[in-house]
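This is what each chain is made of:
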Amino acid sequence: MPDGWRFIAQGALGDDILDWDVPLALSSNPTRALSGPGALNGTIEPEYARMLGADGQPILQEWGTKLYAEIDGVIRWGGIVTKTSYDNAKCTVQCEGLSCYPQGIPYESYLISGKLITPKDPNAGRDKNHDGYIDGSKPKRKVPPAPKPYGGPRVDVFDAFRNIWAHVQSRPLGNIGLVIDSHDLGEMLGAADGSDPWELAWWNNPDCGQTLDNLAREIPFDWVETHAWANSSSNVIEHRIRLGKPRLGRKRTDLRFAEGENITAIAKPEGLGDEYANEIYVLGKGEGQKMKRAQLYQPSLNPWAGNRRLRRVITVVDKTLSSDSALRARGQRELTGHSQALQIPAIQIRNHPNARFGSWSIGDDILVQVEVPWLGDVEIWHRIVSDELSPDDHCILTLKRSDSFVY
């Protein structure tokens, strides 16, 4: 194990530390991800007697052990053991971030936002002869119009996100100790007039993990999983999901990422190829001529604007989209993602004064300064969507162009 690194095992339920220094050899580096759980994989060889607990069971148990990578006293990665396998004296361990846990867990309750409420008509049945007047009224009184339907209470997107997590952790043997940020997004689910309620009903057998992913993708917003010691004198590890409003991270003008300085390698620069489009056609809820639709174009599609590219169209079908604003928001995200130019998919950096390890956060925007064949020196703002820390004091940052994100 590299100097400064330590792997700590903890019970999946509670705060008990099972082993302070797991003899793990990494087979893939700890990876953190934006709006995803991240991963860590390793091996233990040969057998260690202390890796058996007092009950005779392995300390590293599938869905029974949390594992942390601590570097120089700071927890850089945390997650849960999801798979183990054994080959003679070698044990292989696969881990994912704690936020993988809701995947496959059913939602067993009911939540609705923007329900259509139809008030009871107090005069229903009081005009049996259909003359427009209340039967037997003296003097005759006309039957008032029936009360109009209206939209019921609506739920903020982040409240729905928290509700699902609270449901997952409220079930027996389900509390993994994750605390979710308490602020609201300020965007409500469902239509205000009740025409398109958002519903999560147990009888539809919804998957908690998939629902959480769908919320973050369709609204959209960011979240990231973090782990840290509660304080310098405590053995308690706190787990948190940070929610972005509407996104996490910031533009890092205080850090520098330049080839020949702290960038030691870059992934092959890429364009979009077949994925390029300058028009998006979105098909939403409904059938036939009543189907909702929207079309969005790049401004350069104007044939009188000196455009050199042919019209290229991508069609998106999403039956969850019913409002014009939702269709256009989805279309704009797709358009931005399919129309950008050169992108650097990943860079490898070394620990350097330009950007010390731990100085950035997942979701930050950084200016990548590299030399690209045929183009020369380029400077492009990219967003960090994951990082992978290596024992040899290097780190791989996975990137996407900053202007491909629309909120």
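The notes below deal with the structure included here. (Residues numbered from 1 in each chain as written. Predicted model: local features only at pLDDT ≥ 70, side-chain atom pairs only at ≥ 80, totals over all residues. Heavy atoms only, no water.)

### Description of the overall build of the chain
For step 1, the next point in the chain: A tally of regular secondary structure across the chain gives 3 helices and 23 strands.
For step 2, the next point in the chain: Here the C-alpha radius of gyration of the chain, 27 Å, is well above what a compact globule of 407 residues would show, namely 22 Å.
For step 3, the next point in the chain: Structurally, the chain occupies a C-alpha span of about 95 × 70 × 40 Å along its principal axes.
For step 4, the next point in the chain: Here the chain holds 407 residues, and the buried ones make up 43% of them.
For step 5, the next point in the chain: As presented, the chain carries roughly 22000 Å² of accessible surface, and 50% of it is formed by carbon and sulfur atoms. (Helix = DSSP H or I, 4+ residues; strand = E, 2+ residues; numbered from the N terminus. Rg over C-alpha atoms; globule rule 2.2 N^0.38 Å. Buried < 20%, exposed > 50% of the residue type's maximum accessible area, 1.4 Å probe, protein only. Areas by Shrake-Rupley, 256 points an atom, 1.4 Å probe, with all protein chains shown as cover.)

### Describing a negative patch on the surface
For step 1, the next point in the chain: Residues E259, E371, D377 and E379 make up a contiguous surface patch of negative charge.
For step 2, the next point in the chain: Mapping E371 onto the fold places it in strand 21 (residues 365–372). (Patch = residues over 30% accessible without salt bridge, like charges linked within 9 Å, V, L, I, M, F, W, Y side chains within 5 Å. Salt bridge = Lys/Arg side-chain N within 4 Å of Asp/Glu carboxyl O. Lys, Arg positive; Asp, Glu negative; His and termini not counted. Charge placed at Lys NZ, Arg CZ, Asp CG, Glu CD.)

### Some points on the packing of helix 1 (residues 157–170) against helix 2 (residues 208–218)
For step 1, the next point in the chain: It is at 10 Å that the axes of helix 1 and helix 2 come closest, and there the two elements cross at 165°. Classed by the angle they form, the pair helix 1 and helix 2 counts as roughly antiparallel. Every pair of crossing elements has a handedness; the one defined by helix 1 and helix 2 is left-handed. Contact with helix 1, carried on its side by V157, A160, F161, I164, W165, H167 and V168, involves C208, T211, L212 and L215 of helix 2 and no other residues of that element.
For step 2, the next point in the chain: By residue class, the composition of the contact of helix 1 with helix 2 is 9 nonpolar, 2 polar and no charged. (Axes fitted to C-alpha atoms, helices over the stretch in contact; angles between N-to-C directions. Parallel < 35°, antiparallel > 145°, perpendicular 65-115°, else oblique. Left-handed = near helix turned anticlockwise from the far one by under 90°. Contact = heavy atoms within 4.5 Å. Nonpolar A, V, L, I, M, F, W, Y, C, P; charged D, E, K, R; others polar.)

### Overview of helix 2
For step 1, the next point in the chain: Along helix 2, the residues classified as buried are C208, G209, T211, L212, L215 and A216. Each buried residue of helix 2 sits inside an arc of 165° when the element is viewed along its axis, so together they form one side.
For step 2, the next point in the chain: Where helix 2 is buried, its residues touch helix 1, strand 12 (198–201) and strand 13 (223–229).
For step 3, the next point in the chain: For helix 2, the side-chain oxygen to backbone nitrogen distance between the N-cap and G209 is 2.9 Å, and the N-cap itself is D207. (Arc of directions from axis to C-beta. Polar contact = N/O pair within 3.5 Å; in protein donor to acceptor, adjacent residues only side chain to side chain.)

### Some remarks on the packing of aromatic side chains
For step 1, the next point in the chain: Summed over all chains, the structure comprises 9 aromatic pairs.
For step 2, the next point in the chain: A ring pair is formed by F357 and W360, whose centres lie 5.8 Å apart and whose planes are at 80°; its orientation type is edge-to-face.
For step 3, the next point in the chain: Just above the ring of Y133 sits the side chain of K140; from NZ or CZ to the centre is 5.5 Å.
For step 4, the next point in the chain: Against the face of W381 rests K251, its NZ or CZ located 4.6 Å from the ring centre. (Phe/Tyr/Trp six-rings, centres within 6.5 Å; stacked < 30°, edge-to-face > 60°. Lys NZ or Arg CZ within 6 Å of the ring centre and 35° of its normal.)

### Some thoughts on the sheet that holds strand 19 (residues 313–317)
For step 1, the next point in the chain: Pairing is mixed across the open sheet formed by 3 strands, whose spatial order is 18-17-19. Two strands bound the open sheet, and with one partner strand each, they are strand 18 (293–297) and strand 19. The sheet shows a mean angle of 15° between the axes of neighbouring strands, direction not considered.
For step 2, the next point in the chain: The pairing of strand 17 (residues 279–283) with strand 18 spans 5 bridges and is antiparallel. Residue pairing across strands places Y281 opposite Q295, the latter belonging to strand 18. (Pairing = 2+ DSSP bridges.)

### Examining the sheet that holds strand 14 (residues 237–243)
For step 1, the next point in the chain: The strand order across the open sheet formed by 3 strands is 11-14-13, and the pairing between neighbours is mixed. The open sheet has two edge strands, strand 11 (178–180) and strand 13, and neither has a second partner. Mean inter-strand twist for the sheet, computed between neighbouring axes without regard to direction, equals 25°.
For step 2, the next point in the chain: With 3 bridges joining them, strand 11 and strand 14 adopt parallel strand pairing. What sits directly across from L178, in strand 14, is H239.

### Quick look at helix 1
For step 1, the next point in the chain: Over its 14 residues, helix 1 runs 20 Å from end to end, which matches the ideal 20 Å to within 8%, given 1.5 Å per residue.
For step 2, the next point in the chain: By the criterion of burial, helix 1 is predominantly enclosed, with 10 of the 14 residues buried.
For step 3, the next point in the chain: Along helix 1, the residues classified as buried are V157, F158, A160, F161, R162, I164, W165, H167, V168 and Q169.
For step 4, the next point in the chain: Elements in contact with the buried residues of helix 1: strand 8 (110–113), strand 11, strand 12, helix 2, strand 13 and strand 14.
For step 5, the next point in the chain: Measuring from the backbone nitrogen of F158 back to the side-chain oxygen at the start of helix 1 gives 2.9 Å, which picks out D156 as the cap. (Expected span 1.5 Å × (residues − 1).)

### Description of unusual backbone geometry
For step 1, the next point in the chain: The peptide bond linking E45 to P46 adopts the cis configuration, its omega dihedral lying at 0°.
For step 2, the next point in the chain: Examined against the element boundaries, P46 turns out to sit in the loop between strand 4 (36–44) and strand 5 (65–71).
For step 3, the next point in the chain: For the bond running from K245 to P246, omega is -5°, close enough to zero to count as cis.
For step 4, the next point in the chain: Its place among the elements puts P246 in the loop between strand 14 and strand 15 (257–258).
For step 5, the next point in the chain: Even without glycine at this site, L173 takes up a positive phi of about 60°.
For step 6, the next point in the chain: Mapped onto the fold, L173 is located in the loop between helix 1 and strand 11.

### Re the nonpolar core
For step 1, the next point in the chain: Within the largest apolar cluster, 44 residues are counted, with the highest numbers of intra-cluster contacts made by V22, L60, F257, I347, I349, W360 and L397.
For step 2, the next point in the chain: The element that contributes the greatest number of residues to this core is strand 22 (residues 376–389), accounting for 5 residues.
For step 3, the next point in the chain: Contact partners of W360, with chain neighbours within four places excluded, come to R32, R252, L255, F257, I349, A355, I384, D387, C395 and L397.
For step 4, the next point in the chain: Ranked by size, the runner-up nonpolar core spans 31 residues in total, among them L185, L215, W223 and L243. (Core = buried A, V, L, I, M, F, W, Y, C linked by side-chain atoms within 4.5 Å.)

### Section: the side chain of Q169
For step 1, the next point in the chain: Counting through the fold element by element, Q169 comes out in helix 1.
For step 2, the next point in the chain: The exposure class assigned to Q169 is buried, which follows from its relative accessible area of 12%.
For step 3, the next point in the chain: Of note is the side chain of Q169, whose polar atom sits 2.9 Å from the backbone oxygen of L178.
For step 4, the next point in the chain: Excluding anything up to four places from it in sequence, Q169 contacts G174, N175, I176, G177 and L178.

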